[in-house]
Amino acid sequence: DEPFDELKLYLDSYEKFEDMSRKELSHTPFLVILHKYLLKWRQHLNRSAKELPKTFKEKNELKKLIREDMDALREHLKSKSDEEESKELDLENFEEAMKAMNTVLIASDYIPSEIQLLLNDSRVTSSESNDTSFWLLVKALKQFVDQNKCLPLRGTIPDMTSESTKYIELQRIYRSKAAEDAESVYNILQTLPRAHTLTVTESEVNLFCKNAHYLRVIRTSRIDTELSGHRLKQIANTIGIADDDTEDDELRYYLLMRLVDKFYSFHNRFPGERNDEVESDVSVLKTYLKEISSDFGSNSVVKDDLIHEICRYGGSQLHSISAFIAGCAAQEVIKILTSQYTPIDNTFVYNGMTSVSKTYKL
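Residues numbered from 1 in each chain as written. Predicted model: local features only at pLDDT ≥ 70, side-chain atom pairs only at ≥ 80, totals over all residues. Heavy atoms only, no water.

Some thoughts on the pattern of salt bridges
Okay, step 1: Taken as a whole, this structure holds 20 salt bridges when the rule is applied.
Okay, step 2: Where Lys 335 meets Glu 332, a salt bridge forms, and the shortest distance between an N and an O atom there is 2.9 Å. In this pair, Lys 335 and Glu 332 are both assigned in helix H17 (residues 319–338), three residues apart and thus about one turn of the helix distant.
Okay, step 3: Through salt bridges with shared partners, a single ionic network connects Arg 47, Glu 51, Glu 58 and Glu 61. (Salt bridge = Lys/Arg side-chain N within 4 Å of Asp/Glu carboxyl O. Helix = DSSP H or I, 4+ residues; strand = E, 2+ residues; numbered from the N terminus.)

Here's what the structure looks like:
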């Protein structure tokens, strides 16, 4: 929507599509195609200079312009006398342009909600000095966003049908702008309190800026908070107001697992562990569920089938399920040790019968 200077020069350097040769036309990067038809869309429909198509209808209007010109360009080049050039023109790059609309046509001043929360965090907005390099970088990022009304450029572009020289030049332009943005953040960083006591290298700033769209801070609750009666009440009430009996079965199983823990604390065994006591254990779990519902004033919707299933299971440890859960746990440990990717926040429930997993912030 607002190409920076060097990118605008690159986009404007392309001549009209009808004046291109077959090879030039079929090897034009889809970013150029989208830009030119975006300008045409604004002109045809009297849109403002920076407007992007947002709705399904508007994106279809843009696609229609591209498709109409694709047919016209094929007809125009078909008139060539050369036998080779009279063949059907392959416009894979035009198809790429239409497929990329949802991911590419995003306003340059768009800030993801998670990043906005981070920029508005009290550790960033307060005048107090920050005690970690991460929060110092976020503070510098906020100043950059305030000045430029956008996040630093990532500097990466997707693969696309194009001549190598054109693609490499486009890649260089994006990397150059990303390096310029990262340098701006680094310069801002040097003016902040504690910048000299907390050493942050330029390579760290580059990495931070490259991932500025994906930053997350996970603040998990304490385990005793999850186990408190207050949280259990919220869980029970959440289940109680569910409209569909099949909705959130994983949350119902979580509640049942809490009841299983209660059962174990009283009987020193899992419900259904003994075949001759399955039915009686079902009755006990139903009693526990009624007690919870009564205590919290909730009509917890937990079907009898689920209670029977948790007792039939009898605290078994299936190899395949254990391996899956162990793999999930190992993955989370790696995330925390490397500070990469987003950890689960904070309770993970896996339903082995339906192969469905869900995460709940409890």
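A short note on the confidence of the model for the protein chain
Okay, step 1: Confidence along the protein chain averages 84 in pLDDT terms, with 89% of residues attaining 70 or more.
Okay, step 2: Within the protein chain, the lowest mean pLDDT, 68, falls on helix H13 (residues 229–240), and the highest, 93, falls on H17. (pLDDT = per-residue confidence, 0-100.)

Observations regarding the packing of helix H9 (residues 133–148) against helix H10 (residues 164–190)
Okay, step 1: It is the contact of H9 with H10, at a shortest axis distance of 9 Å, that shows an interaxial angle of 115°. For H9 against H10, the interelement crossing comes out right-handed. Residue-level contacts link Leu 136, Leu 137, Ala 140, Gln 143, Phe 144 and Gln 147 of H9 to Asp 181, Ser 184, Val 185, Ile 188 and Leu 189 of H10.
Okay, step 2: For the contact of H9 with H10, the per-class residue count stands at seven nonpolar, three polar and one charged. (Axes fitted to C-alpha atoms, helices over the stretch in contact; angles between N-to-C directions. Left-handed = near helix turned anticlockwise from the far one by under 90°. Contact = heavy atoms within 4.5 Å. Nonpolar A, V, L, I, M, F, W, Y, C, P; charged D, E, K, R; others polar.)

Regarding unusual backbone geometry
Okay, step 1: Residue Asn 346 follows Asp 345 across a cis peptide bond; omega there is -5°.
Okay, step 2: Even without a glycine there, the phi angle at Lys 149 is positive, about 60°.
Okay, step 3: Positionally, Lys 149 belongs in the loop between H9 and H10.
Okay, step 4: Its identity as a non-glycine residue notwithstanding, Ser 355 has a phi of 55°, on the positive side.
Okay, step 5: Note on placement: Ser 355 falls in the loop between strand E1 (347–351) and strand E2 (356–360).
Okay, step 6: Classification of Ser 355 as exposed rests on a relative accessible area of 54%. (Buried < 20%, exposed > 50% of the residue type's maximum accessible area, 1.4 Å probe, protein only.)

Topic: the environment of Ile 325
Okay, step 1: Secondary-structure assignment places Ile 325 in helix H17.
Okay, step 2: The contact partners of Ile 325, leaving out residues within four places of it in the chain, are Phe 348 and Tyr 350.

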